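# Structural characterization, general
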Amino acid sequence: MAEEAKAKGNAAFAAGNFNEAVEHFSEAIKLSPTNHVLYSNRSAAYASLHQYDKALEDGQRTVELKPDWSKGYSRLGAAFVGLGRFDDAISAYKKGLDIDPNNDALKSGLADAESASLSRAQSPFGDMFQGPEMWAKLTADPATRTYLQQPDFVRMMQDVQKNPSNLNLYLKDQRVMEALGVLLNVKIRTPSSAAEENVEVPEPQPDRKRPAEAEPVREPEPEAMEVTDEEREARERKAQAQKEKEAGNAAYKKKDFETAIAHYSKAIELDDTDISFLTNRAAVYLETGQYEECIKDCDKAVERGRELRSDFKMIARALTRKGTALVKMVKCSKDYDLAIETFQKALTEHRNPDTLKKLNEAEKAKKELEQQEHFDPKIADEEREKGNECFKQQKYPEAVKHYTEALRRNPKDPKAYSNRAACYTKLAALPEGLKDAEKCIELDPTFSKGYTRKGAIQFFMKEYDKALETYQEGLKHDPNNQELLDGVRRCVEQISKASHGDISPEELKERQAKAMQDPEIQKILTDPVMGQVLMDLQENPQAAQQHLKNPGVMNKFQKLVSAGIVQVK
């Protein structure tokens, strides 16, 4: 139950439904209160909701439960950063790196925390952007509250929170200007705010005034903060990179793959902070059969994405694309292992139905290829003969091993299934033996041994009615088979005893209890027509005889008699 709630929480988190994710993780914690992973996941959900105090509590609980788990310190550090406690965050990340020195997420978190700590010391705004107070103020204001539903605005404010000096990059965005005013407790007028207040923005008028009319006092416009040449150049390069990406997309749709690669490569040169350029170029390489180049780009995208803390869906996309390329390069069954592992990693990032489908297809293809690689009828016959020798010597476990190897070498051999079914019967592994006997019949419906094996197992399981049907089916293919004829005789004797009450009460009770578990018997007993027939047998035998003239009703009645449910005196 806890795992089910956890899975629901992960799915909600992946869909961006963080409140729902918190509910599911909380439910899982109630069921498994010592599972450190659940606290870690809920901490991440709280952090996504900017509830950093709760994220901190869960992060601390995670570390308390599993002190040697590096991700716990990552959660702890993220919560401290959200609260503006950068020194504590730095300490948490360093503790995590003591445990796992090569953890990219911890390295990136430490770098961000150190950068944010330095920026706060140098920033003219002090602690204005730090801690949950910033989000509380933005939520309290009616204008900025609506902006918090817009992902691009939230990303900008998160970036400014991490590094206040980055504010200069976003001052042209009117939403950021309004947010700045809310945080400074200053009313900053923007065209959008004027519209919201139904204030008409006056058009420029000719310089005509009434003599006695005073010049209205104009509110001073906020001065734009100075943007450095380096920052301006960075923004221009990002914009140019996006244009190159769009051009690459257009060329890809036209199947002009060389041009598409050129545009994506240019975009990568201009901006290395957007891994979609790499995944798009990887898609072109995949389309053109350049699988090794595709894999290289996907690996770069994953590595860079983890450094940048990119959207997990983008990382999952890169891994899925890599797995697809690996499948294309398969030469033997073992080559599927890396592809399957890559698809599984992609699903841990984001459970995408397409990725899951590719994983299932890869696992199925691997199994089929393994069968082809091991297919050798000659070795299969040799292994079956070895199994026969062991069977004669009553070494049934060893015989099973040889028959299993024979089937691995030739999975279409009905004799091997029949022989292994006989071994399982000797070992009292009746369900396994029944499965092998049914597979034997499926492969060769005319092979009498399959029916004798299946009937014998059903007889041992005291399912005499089913055993009788099996023997009768076998006689259709081999009417003179003595084993099948003997099987019919034994089943009829047992059914006759049960129907006339010639068995002990304990055995009758056991047989009836077993029959009641049979879905077919349950269906017959819930049939309204059969219910009436059984009632008529007790109260109105003549009416019951009329019902039994119907072949379908008679067949169902015989099944109840055979199962010991109905006794005929």
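Going by the structure above, here's the rest.
Keep in mind that what you see is a predicted model, and the values were worked out from it rather than measured.

What counts and how
- Each chain carries its own residue numbering, running from 1 in the written order of its sequence.
- Side-chain atom pairs in this predicted model are given and counted only at pLDDT of 80 or more, local residue features only at pLDDT of at least 70, and totals for whole chains, interfaces and linings cover all residues.
- Only hydrogens and water are removed before side-chain values are computed, so all heavy atoms of the structure are retained for them.
- Strands here are runs of E lasting at least two residues and helices are runs of H or I lasting at least four, both read from the DSSP assignment and numbered beginning at the N terminus.
- Residue exposure (1.4 Å probe, protein chains only): buried if accessible area is under 20% of the type maximum, exposed if over 50%, otherwise partly exposed.
- Two residues qualify as a contact provided that any one of their heavy atoms is within 4.5 Å of a heavy atom in the partner residue.
- Note on areas: Shrake-Rupley, 1.4 Å probe, and residue coverage restricted to the protein chains presented here.
- Any helix carries an expected span of 1.5 Å times its number of residues minus one.
- Classification of ring pairs uses Phe, Tyr and Trp, with its six-membered ring standing for Trp, and accepts pairs whose centres are within 6.5 Å; under 30 degrees between planes counts as stacked, over 60 as edge-to-face, and the remaining range as tilted.
- Working rule: Lys NZ or Arg CZ, within 6 Å of ring centre, within 35 degrees of ring normal, means a charge sits over the ring.
- Arc definition: directions from the helix axis to the C-beta atoms.
- Only one rule defines a salt bridge in this text: a Lys or Arg side-chain nitrogen within 4 Å of an Asp or Glu carboxyl oxygen.
- Think of a nonpolar core as a cluster: buried Ala, Val, Leu, Ile, Met, Phe, Trp, Tyr and Cys residues, connected wherever their side-chain atoms sit within 4.5 Å.
- Axes here mean lines fitted to C-alpha atoms, for a helix over just the part in contact, with angles spanning 0 to 180 degrees between N-to-C directions.
- If an angle is under 35 degrees, it is roughly parallel; if it is over 145, roughly antiparallel; if it lies from 65 to 115, roughly perpendicular; otherwise it is oblique.
- Crossing handedness is defined as follows: a turn of the near helix away from the far one that is anticlockwise and smaller than a right angle gives a left-handed crossing, while the clockwise case is right-handed.
- Amino acid classes used here: Ala, Val, Leu, Ile, Met, Phe, Trp, Tyr, Cys and Pro are nonpolar; Asp, Glu, Lys and Arg are charged; the rest, including Gly, are polar.

### Some words on the overall build of the protein
Each helix and strand in the protein was counted, giving 31 helices and 0 strands. Taking all 569 residues of the protein together, the buried fraction comes to 43%. Contacts spanning at least 24 positions in sequence make up 53% of the contacts within the protein whose residues lie at least 6 apart. With the model as given, the accessible surface of the protein reaches about 32600 Å², and the carbon-plus-sulfur share is 50%.

### Focus on helix H4 (residues 52-65)
For H4, with 14 residues, the first-to-last C-alpha span of 20 Å sits near the 20 Å given by 1.5 Å per residue. Within H4 the residues assigned to the buried category are Tyr52, Ala55, Leu56, Asp58, Gly59, Thr62 and Val63. The inward-facing, buried residues of H4 contact helix H3 (36-48), helix H5 (70-82), helix H8 (132-140) and helix H10 (151-162).

### Side note on the packing of aromatic side chains
A complete count under the given rule lists 6 aromatic pairs for this structure. For the pair Phe459 and Tyr464, a centre-to-centre distance of 5.0 Å together with 65° between the ring planes defines the contact as edge-to-face. Geometry around Tyr39 places Arg61 over its ring, the cationic atom sitting 5.6 Å from the centre. One cation-aromatic arrangement involves Arg490 over Phe459; the distance from NZ or CZ to the ring centre is 5.4 Å.

### Thoughts on H10
Given a rise of 1.5 Å per residue, 12 residues ought to cover 16 Å, and the 16 Å separating the end C-alpha atoms of H10 matches this to within 8%. All buried positions along H10 are accounted for by Phe153, Val154, Met156, Met157, Val160 and Gln161. For H10, the arc enclosing every buried residue in end-on projection is 160°, short of the 170-degree limit, so these residues lie on one face. For H10, the exposed residues set more than 90 degrees away from the buried face come down to Pro151 and Arg155.

### Here's the deal with the pattern of salt bridges
Considering all chains together, one arrives at 29 salt bridges under this definition. Between Glu64 and Arg61 there is a salt bridge, with the nearest N and O atoms lying 2.8 Å from each other. Of this pair, Glu64 and Arg61 both sit in helix H4, 3 residues apart, which is roughly one turn of the helix. Taking relative accessible area as the criterion, Glu64 reaches 55% and is therefore assigned exposed. A salt bridge links Arg175 to Asp152, with the shortest nitrogen-to-oxygen separation between them at 2.8 Å. Taken together, the residues Arg175 in helix H11 (residues 174-184) and Asp152 in helix H10 connect sequence positions 23 residues apart. With a relative accessible area of 15%, Arg175 lands in the buried category. Because the salt bridges share partners, they merge into one network encompassing Asp152, Asp173 and Arg175.

### Some details on the environment of Ile441
On the secondary structure map, Ile441 appears in helix H23 (residues 430-443). On the basis of relative accessible area, Ile441 is assigned to the buried category, the value being 14%. In this structure the C-alpha to C-alpha distance between Ile441 and Arg453, which are 12 residues apart in sequence, comes to 9.8 Å. In contact with Ile441, not counting residues within four places along its chain, are Gly450, Tyr451 and Lys454.

### As for the nonpolar core
Counting 37 residues, the largest nonpolar core has Tyr93, Trp135, Leu138 and Met157 as its most contacted members. The biggest single contributor to this core is helix H6 (residues 86-99), with 6 residues.

### Looking at unusual backbone geometry
The phi angle of most residues is negative, glycine excepted, and most peptide bonds adopt the trans form. The backbone of His50 shows a phi angle near 65°, a positive value even though the residue is not glycine. Positionally, His50 belongs in the loop between H3 and H4. Its identity is not glycine, yet Arg309 carries a phi of approximately 55°, on the positive side. As for its position among the elements, Arg309 is in the loop between helix H16 (291-308) and helix H17 (312-328). Under the relative-accessibility criterion, Arg309 is labelled partly exposed at 39%.

### A few points about the side chain of Ser43
With respect to the secondary-structure elements, Ser43 resides in helix H3. Among the residues examined, Ser43 registers a relative accessible area of 1% and is labelled buried. Contacts of Ser43, omitting those with residues within four sequence positions, involve Ala55, Asp58, Gly59 and Arg75.

### Digging into the packing of helix H1 (residues 2-14) against H3
Running from amino to carboxyl end, H1 crosses H3 at an angle of 25°, the nearest separation of the two axes being 11 Å. In terms of orientation, H1 and H3 fall into the roughly parallel class. Both H1 and H3 take part in a crossing whose hand is left-handed. Between H1 and H3, the contacting residues are Lys6, Asn10 and Phe13 on the first element and Val37, Leu38, Asn41, Ala44, Ala45 and Ser48 on the second. A class-by-class count of the residues in the contact of H1 with H3 yields 5 nonpolar, 3 polar and 1 charged.

### Some points on the packing of helix H20 (residues 377-392) against helix H22 (residues 414-426)
With their axes 11 Å apart at the nearest point, H20 and H22 run at an angle of 25° to one another. Between H20 and H22, the interaxial angle falls into the category roughly parallel. Crossing angle aside, the handedness with which H20 passes H22 is left-handed. For the pair formed by H20 and H22, the contact residues are Arg384, Asn388 and Phe391 on the first element and Lys415, Ala416, Asn419, Ala422, Cys423 and Lys426 on the second. Per-class residue counts for the contact of H20 with H22 are 4 nonpolar, 2 polar and 3 charged.

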